[in-house]
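Observations on chain architecture
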Amino acid sequence: MGIHEPFGARELAPWRGPEPTEPHPTPIGDALGLSGLIVSGRALAQAPCCAARVPPICRRRNVLAATAMFALSSSFAPLCRAGAAPAAPDGKWFEAAAAMRKMAESWGDQAYGAVVVLDGQLVGEGPSRVIKNQDPDAHAEREAIRDAQRRLGKADLTGAVMYSTSRPCSRCEAAAARAKLSRMFFGADLADAGAPRAAQEQQQAR
């Protein structure tokens, strides 16, 4: 700048193209091929003289780049939620399952009991009725599932959790999978049997 040149004259001169600068690589920017772009509105706000010199096409590229970065970061959110640990089991629901076991024993049936819980509410009760009803499919777990479906008036029990006095057999687990139960806990120590698997999935896991 010359001595007699008005201060700021260079800043007000017409824009003649981007000045050569060194790119500022970042991991995400490199992945998107956007190194060297200003993608932050805050960065532009903090550098008004630079923002004024950015042509419209570059500003559009900045907006697109910021949108792409936001979409990329948002895509990982479901994965984080999917990996979240399940809610801790509540021992009172095992006690409810144990009460079903006592009921089954009272009429001379197999000593098994189960309950289904949805949103903190008991929605299904299942004492074993194999002997009482002469039905080999009347296991406590399937009785609890059927009871919950009758009470709620629907077959889909998404979000529900089953508590049983012992680990469900493969057929009971398959029934829980068809009903879309979210989790199974069993025994006095509330062992986590995980999400129920369909029969085919169980066979593939063997």
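Residues numbered from 1 in each chain as written. Predicted model: local features only at pLDDT ≥ 70, side-chain atom pairs only at ≥ 80, totals over all residues. Heavy atoms only, no water.

According to the stated counting rule, one finds ten salt bridges in the structure shown. Taking the shortest distance from any N to any O, the salt bridge between D147 and R150 comes out at 3.8 Å. Taken together, the residues span about one helical turn, with D147 and R150 both in helix α8 (residues 140–152) at a distance of three residues. Classification of D147 by relative accessible area gives buried; the value is 13%. (Salt bridge = Lys/Arg side-chain N within 4 Å of Asp/Glu carboxyl O. Helix = DSSP H or I, 4+ residues; strand = E, 2+ residues; numbered from the N terminus. Buried < 20%, exposed > 50% of the residue type's maximum accessible area, 1.4 Å probe, protein only.)

Attention now moves to the packing of aromatic side chains. Going through the model one piece at a time under the given rule, you end up with one aromatic pair. Residue placement shows K132 over the ring face of W107; its charged tip is 3.8 Å from the ring centre. (Phe/Tyr/Trp six-rings, centres within 6.5 Å; stacked < 30°, edge-to-face > 60°. Lys NZ or Arg CZ within 6 Å of the ring centre and 35° of its normal.)

Counting 18 residues, the largest nonpolar core has V116, I145, L157, A160, M162, A176 and L181 as the members making the most contacts within it. For this core, the secondary-structure elements that each account for two or more residues are β1 (113–118), α8, α9 (170–178) and β4 (183–186). Once you skip the residues sitting within four places of it in the chain, V116 turns out to touch Q121, L122, V123, G124, A144, I145, A148, A160, V161, M162 and L181. Counting twelve residues, the second largest nonpolar core, distinct from the first, contains A98, M100, F185 and L190. (Core = buried A, V, L, I, M, F, W, Y, C linked by side-chain atoms within 4.5 Å. Contact = heavy atoms within 4.5 Å.)

On to helix α7 (residues 91–106). If you check α7, its first and last C-alpha atoms are 23 Å apart, about what 16 residues at 1.5 Å a residue would give, namely 22 Å. All of the buried residues in α7 are W93, F94, A96, A97, A98, M100 and A104. Sitting at the amino-terminal end of α7 is D90, which places a side-chain oxygen 3.1 Å from the backbone nitrogen of K92. Positive backbone phi, at 80°, marks G108, one or two positions downstream of α7. (Expected span 1.5 Å × (residues − 1). Polar contact = N/O pair within 3.5 Å; in protein donor to acceptor, adjacent residues only side chain to side chain.)

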